[in-house]
Amino acid sequence: MKTTMVEISKNIQLNKVKEKDAAFLYGLMKEIYMNAYSHFWKDGGVWYVRSQYSQEVILRELLEPQTDYYFVIYKEETVGVLRIVWDKKLKGLHEQNQVKLHRIYLSHKVQGKGIGKKLLSWLEAKAIKKGYQIIWLDAMDYHKQAVQFYKKIEYAYFSHVFLPYELLYDKVRKMNQMYKVLKR
């Protein structure tokens, strides 16, 4: 039987999300997302979590080709998610091989412990090994801590979009598209 666990460090592992995990993933994201972003939404983020993490959406995302979806495990506790979309290009950016860091969410209980940095280092090494030159992501402009984190690890601003969600407060709709050119 093939293992679905990826060892990042002694205390950090990734475990592939499977179809049977949909309800658990929904509960985890309800906790993590609401804790971090509920104040961005007129309904506290309820609609967003339901629309993005319903069983139907999760199952569809798991079937998408070129996608890796993981639970983040820290000291044997599931503390977040990481979703990667290989061969997803950022419109208008160079034509090099690109990978999108689609989601990285960590529980507030483990933020500041270097987990995000280790996960991104692992992703960069994996992307380089697979022949990719660029990693890109979307980061909410209003979430200054996240934007600063990405800048600190050499991600650059490329462009932005405004999220169309009616329940999202206007002042937080700006989404920065950031990228990093990988060094071999």
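Scroll up to find the structure.
Note that the coordinates shown come from a computational prediction; the quantities given were computed from them, not determined experimentally.

Asks: Please explain the sheet that holds strand 4 (residues 77-86) as it appears in this structure.
Replies: Pairing between the strands of a sheet is mediated by backbone hydrogen bonds and can be parallel or antiparallel. Taken together, eight strands build an open sheet; the order of strands is 1-2-3-4-5-6-8-7 and the sheet is mixed. If you trace the sheet from one side to the other, it starts and ends with strand 1 (5-7) and strand 7 (156-162), each paired once. When the angles between neighbouring strand axes are averaged without regard to direction, this sheet yields 30°. Bridging between strand 4 and strand 5 (residues 98-106) involves seven bridges; their strand directions are antiparallel. Following the sheet pairing, Val 81 is matched in strand 5 by Tyr 105. Packed onto the sheet, helix 3 (residues 55-63) meets strand 3 (67-74), strand 4 and strand 5 and runs at close to 115° relative to strand 3.

Asks: Just to check I follow, could you spell out the pairing of strand 4 for this structure?
Replies: The side chains of a regular strand alternate between the sheet's two faces. Within strand 4, eight of the 10 residues are buried, leaving the element largely enclosed by the surrounding structure. Where strand 3 meets strand 4, eight bridges bridge the pair, whose relative direction is antiparallel. Residue pairing across strands places Asp 68 opposite Ile 84, the latter belonging to strand 4. Linkage of strand 3 to strand 4, two consecutive antiparallel strands, is achieved through a turn of two residues, within which Lys 75 is found at a positive phi near 50°.

What counts as what
- Residues numbered from 1 in each chain as written.
- Predicted model: local features only at pLDDT ≥ 70, side-chain atom pairs only at ≥ 80, totals over all residues.
- Heavy atoms only, no water.
- Pairing = 2+ DSSP bridges.
- Helix = DSSP H or I, 4+ residues; strand = E, 2+ residues; numbered from the N terminus.
- Axes fitted to C-alpha atoms, helices over the stretch in contact; angles between N-to-C directions.
- Contact = heavy atoms within 4.5 Å.
- Buried < 20%, exposed > 50% of the residue type's maximum accessible area, 1.4 Å probe, protein only.

Limitation: the analysis is restricted to geometry and does not speak to function.
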